[in-house]
Amino acid sequence: MTSEWLTPPTRTELIENLVSGVDRYNPSNVSILEDYLYHQIRSEEYDCLANLAILKLYQFNPDLYNPDVVINILIKALTAAPLPDFNLCISLLDERPINAQLDEPDPLPTVLPVLKELHNLLLRCRFPAFWEAYHSSRLENLRDNYTVEVAGFENAIRAVAIRAVRATFTRIGSERLGSYLNLSGQDLTAYIEKLGWTVDSSTGVVTVPPNPENQIEATVVQESVKLPQLTKIIAHSVAKA
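Attention in this report is confined to the structure presented alongside it. Model, not experiment: these values are computed from the prediction. (Residues numbered from 1 in each chain as written. Predicted model: local features only at pLDDT ≥ 70, side-chain atom pairs only at ≥ 80, totals over all residues. Heavy atoms only, no water.)

## Description of the pattern of salt bridges
Here's step 1: Counted under the stated rule, the structure contains four salt bridges.
Here's step 2: The salt bridge involving Glu16 is made with Arg11; its shortest N-O contact spans 2.7 Å.
Here's step 3: Overall, the relative accessible area of 10% leaves Arg11 in the buried class.
Here's step 4: Across the salt bridge formed by Arg11 and Asp47, the nearest N and O atoms sit 2.7 Å from each other. Of the two residues, Arg11 sits in the loop between α1 (2-6) and α2 (13-20) while Asp47 sits in the loop between α3 (30-43) and α4 (48-60), which places them 36 residues apart along the sequence. In terms of burial, Arg11 and Asp47 fall into one category: buried.
Here's step 5: Each of Arg11, Glu16 and Asp47 takes part in a single network of salt bridges with overlapping partners. (Salt bridge = Lys/Arg side-chain N within 4 Å of Asp/Glu carboxyl O. Buried < 20%, exposed > 50% of the residue type's maximum accessible area, 1.4 Å probe, protein only. Helix = DSSP H or I, 4+ residues; strand = E, 2+ residues; numbered from the N terminus.)

## Remarks on the layout of surface pockets
Here's step 1: Roughly 760 Å³ of volume is contained in the largest pocket.
Here's step 2: Lining the largest pocket are 28 residues, and of these Glu44, Tyr46, Thr79, Ala159 and Arg163 lie nearest its centre.
Here's step 3: Elements represented by at least two residues in the lining of the largest pocket include exactly α1, α10 (153-168) and α12 (185-195).
Here's step 4: In the lining of the largest pocket, the residues fall into 16 nonpolar, four polar and eight charged.
Here's step 5: Counting contributing residues per domain, the lining of the largest pocket is built from domain 1 (1-168) and domain 2 (172-235), each supplying no fewer than three. (1 Å grid on protein atoms, 1.4 Å probe; cavity = no way out; pocket = protein on both sides within 12 Å on 5 of 7 lines; lining within 4 Å. Points joined across faces, edges and corners; volume = space filled by probe spheres on them. Nonpolar A, V, L, I, M, F, W, Y, C, P; charged D, E, K, R; others polar. Domains from an automatic or database assignment.)

Take a look at the structure:
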């Protein structure tokens, strides 16, 4: 997972050179990286380091700052939870110069608290609360103007929930799982089948396949103290006495 985060398999050679080389600080390349971001949005791909490079260029060159690009970067970072991507992006925004010249009012100050709220809910695994907030009338602007353009956004959030379920449960009620995924009925059944998980039709309990994170195994720690080491310890104790 770390290697894919550092170098996603979908990253082109051109983007690799921009992200890894000295050209990442060249402001003339920002349009290439922005185009790559919108490619990620349309294709359900994700490249955190490339997106961070955009934010760094904005930090050094405030005249390049595009709030819609920043918001889209943060929305993509939401789908990477519980990885620290969202906070890495925020750390660059906190240092962003405020003297950027914009033709219209900056929407980021309004949208950013909402995205932070959603991120906090994801980190705390409060998935039903996330969906309730996300689909509320209060967040209509976010849905209508931003996430609607992000292909597969809701499924990417469901993947966040599934990662948490895989790491925590061996069995979970289908109704509870559905509240985490914002799915019910045939949609939930189809999603569970796609995961390859099984459901007990009589109890509605979903079996989560075993994996290293949801299996509890006893660990026996053995310490080996050799005789010369023991002699030193005893001699040290006697000397203190």
